[in-house]
Amino acid sequence: MSFTGFEKNSVGGSIYLKAKSHFLKGCKLTDVLKPEDAKESTFTGTKVVGTLGPSCHEVSSLMEMLSAGMVGGRIDLTWGSLDFHKKSLANLQVAMKQARRLCCTVVDTMGREIMVRRPINVDEKGWPSHEEAISIKAGSKVTLTSKAGVVSSDTMLPITYDKFYRMASKGDTVYIGRYLVSGADAASLYLEVDEVIGQDVVCIAKNDAVLEGLLTVFHTERSSNTVQNLQNDLPLLTQYDKDCLLALSKEHEIDFISLSYTRCADDIREARRFLDSIGMSCTKVLAKVETRQALLNFHGIVNEADGVIISRGNLGLDVLPEKMALVQKTLMQACNLVGKPVLITRVVDTMVNTPRPTRAEATDVANAVLDGVDGI
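Just so it is clear, the structure is predicted and the values come from calculations on it, not from any experiment.

Undergrad: With reference to specific residues and values, describe the side chain of Ser152.
TA: Relative to the helices and strands, Ser152 resides in the loop between strand E12 (141–145) and strand E13 (156–158). On the basis of relative accessibility, which here comes to 18%, the residue Ser152 falls in the buried class. In this structure, Ser152 is in contact with Arg117, Arg118, Pro119, Ile134 and Pro158, ignoring residues within four places of it in sequence.

In structure tokens form, the structure reads like this:
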């Protein structure tokens, strides 16, 4: 509710006070401190979507997640084999039946992701991994190259996009990090472009880092309020994305696709045309907003998409840190005004290693809920 008060001033006019907007019911502090009854209700206004990976691949784990409140199961085509993802969705179907809980399916596309090429090992479950980490020291030179046949090392990182050297300029910031990390941990490397020599982008490391897992490359926008960077010309949907969507649609009902690196409304129309062509016309499109360009085209995106995902990992690199909170609140408000579902990513990063979230993480989730986020 929103209340606006006013009072008379000394000359008879009115002074309007600021509105106090919130969704709370006037709770007393003694009531707030009481633990919630987990059995009171299983319905929440804000939904939880879980990513299906090797630690939650089996039916028993998925049943526990469903019972805990997960209403969406997400697979990510960026990492993991098609067979692994098929098995994940098949197990989810069994878990739903046994737990007697419904759960939608979300497929996240690879899209315009740029990655570091490294040797891959596949375990008995079909999940890929890298054997050795790469240690880099602050001040050392690191070269990003698109040349074929180059082996990754602490001085040379081969990348998957062969025109990256055209995008980079001296002084630019390039972020290298383990896929889906927070940007503030040991697996995050910030580079400053020193020079471009042919297909090689020579950079200076700004911090110490231990690079492990799937490494992605993000070219941070050099402007503070517009788009000056040359954008990559990678396709919206890779051939691998298309092959996987076609194969998955024959065996499973896919409720949503999460459209990575959505830049404008035309991207959503392109995705819909492809979905229609393979018989997935009922699948809804969630546009992932993760770059400055998407922010500048946001009105067209929100009008065309069925829902919006605020991809805070990459977007937090492309926006000044002190502006990210306002960006998030503005995007949520815009989605709420037009009645489009909005989800956020990258919450509770420490849950990988600790049993309790930090105060900042808990407050982050609470503020998103109070701002009207529909899913996390």
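Undergrad: Got a sec to walk through the packing of helix H3 (residues 82–99) against helix H5 (residues 239–251)? Specific residues and values, please.
TA: Interhelical geometry of H3 versus H5 gives an angle of 30 degrees and a closest axis separation of 11 Å. Relative to H5, the crossing made by H3 is right-handed. Residues Leu82, Lys86 and Leu89 of H3 pack against Tyr240, Cys244, Ala247, Leu248 and Glu251 of H5. Residues of the contact of H3 with H5, tallied by class, amount to six nonpolar, no polar and two charged.

Undergrad: Describe the environment of Leu236, and please don't skip the residues or the numbers.
TA: Tracing the backbone through its elements, the reader meets Leu236 in the loop between strand E18 (215–219) and H5. Every residue in contact with Leu236, bar those within four places of it in the chain, is listed here: Gly111, Arg112, Asp241, Leu259, Ser260, Asp267, Glu270 and Ala271.

Undergrad: Kindly report on helix H10 (residues 324–338), identifying the contributing residues and their values.
TA: The end-to-end C-alpha separation of H10 is 22 Å, in line with the 21 Å expected for 15 residues at 1.5 Å each. Buried residues of H10: Met324, Val327, Gln328, Leu331, Met332 and Cys335, and no others. One face of H10 carries all of its buried residues, which in axial projection span an arc of 125 degrees. Of the residues in H10, the exposed ones pointing more than 90 degrees away from the buried face are Leu326, Gln333 and Leu337. Looking one or two residues beyond H10, the residue adopting positive phi is Gly339, at roughly 75 degrees.

Undergrad: Help me get a handle on the pairing of strand E7 (residues 104–108), residues and values and all.
TA: Counting buried residues in E7 gives four out of five residues, a clear majority hidden from the surface. Pairing between strand E6 (residues 70–76) and E7: five bridges, direction parallel. Looking at E7, one finds that Ile75 is bridged to Val107. Taken together, the three bridges between E7 and strand E19 (residues 256–259) define a ladder with parallel strand orientation. Bridge assignment links Val106 to a residue of E19, and that residue is Phe256.

Undergrad: Break down the packing of aromatic side chains for me, with residues and values.
TA: A complete count under the given rule lists two aromatic pairs for this structure. Here Tyr175 and Tyr190 contribute two aromatic rings whose centre-to-centre distance is 5.1 Å and whose plane-to-plane angle is 55 degrees, an arrangement assigned as tilted. One end of the pair, Tyr175, is in strand E14 (residues 173–178); the other, Tyr190, is in strand E15 (residues 188–197), and 15 residues separate them in sequence. Judged by relative accessible area, which is 27%, Tyr190 ranks as partly exposed.

Undergrad: Let's hear about unusual backbone geometry: which residues, and what values?
TA: The backbone of Tyr261 shows a phi angle near 55 degrees, a positive value even though the residue is not glycine. Note on placement: Tyr261 falls in the loop between E19 and helix H6 (265–277). Phi at Arg346 takes a positive value of approximately 60 degrees, unusual for a residue other than glycine. Position of Arg346 among the secondary structure elements: in the loop between strand E22 (342–344) and helix H11 (359–371). You can call Arg346 buried: its relative accessible area is 17%.

Undergrad: Any details on empty space enclosed by the protein? Residues and values, ideally.
TA: In this structure the tally under the stated criterion is one cavity of 30 Å³ or more. Put simply, the largest cavity is a space of about 240 Å³. Looking at the lining of the largest cavity element by element, the count peaks at three residues for E18. Residue composition of the lining of the largest cavity, grouped by class: eight nonpolar, six polar and five charged.

Undergrad: Give me the pairing of E14: which residues, what numbers.
TA: Relative to E15, E14 is paired through five bridges, and the arrangement is antiparallel. Bridge pairing in E15 places Thr173 opposite Glu192. Where E14 and E18 come together, five bridges link them in antiparallel fashion. Counterpart to Tyr175 in the pairing with E18 is Phe218.

Cut-offs and rules
Residues numbered from 1 in each chain as written. Predicted model: local features only at pLDDT ≥ 70, side-chain atom pairs only at ≥ 80, totals over all residues. Heavy atoms only, no water. Helix = DSSP H or I, 4+ residues; strand = E, 2+ residues; numbered from the N terminus. Buried < 20%, exposed > 50% of the residue type's maximum accessible area, 1.4 Å probe, protein only. Contact = heavy atoms within 4.5 Å. Axes fitted to C-alpha atoms, helices over the stretch in contact; angles between N-to-C directions. Left-handed = near helix turned anticlockwise from the far one by under 90°. Nonpolar A, V, L, I, M, F, W, Y, C, P; charged D, E, K, R; others polar. Expected span 1.5 Å × (residues − 1). Arc of directions from axis to C-beta. Pairing = 2+ DSSP bridges. Phe/Tyr/Trp six-rings, centres within 6.5 Å; stacked < 30°, edge-to-face > 60°. 1 Å grid on protein atoms, 1.4 Å probe; cavity = no way out; pocket = protein on both sides within 12 Å on 5 of 7 lines; lining within 4 Å. Points joined across faces, edges and corners; volume = space filled by probe spheres on them.

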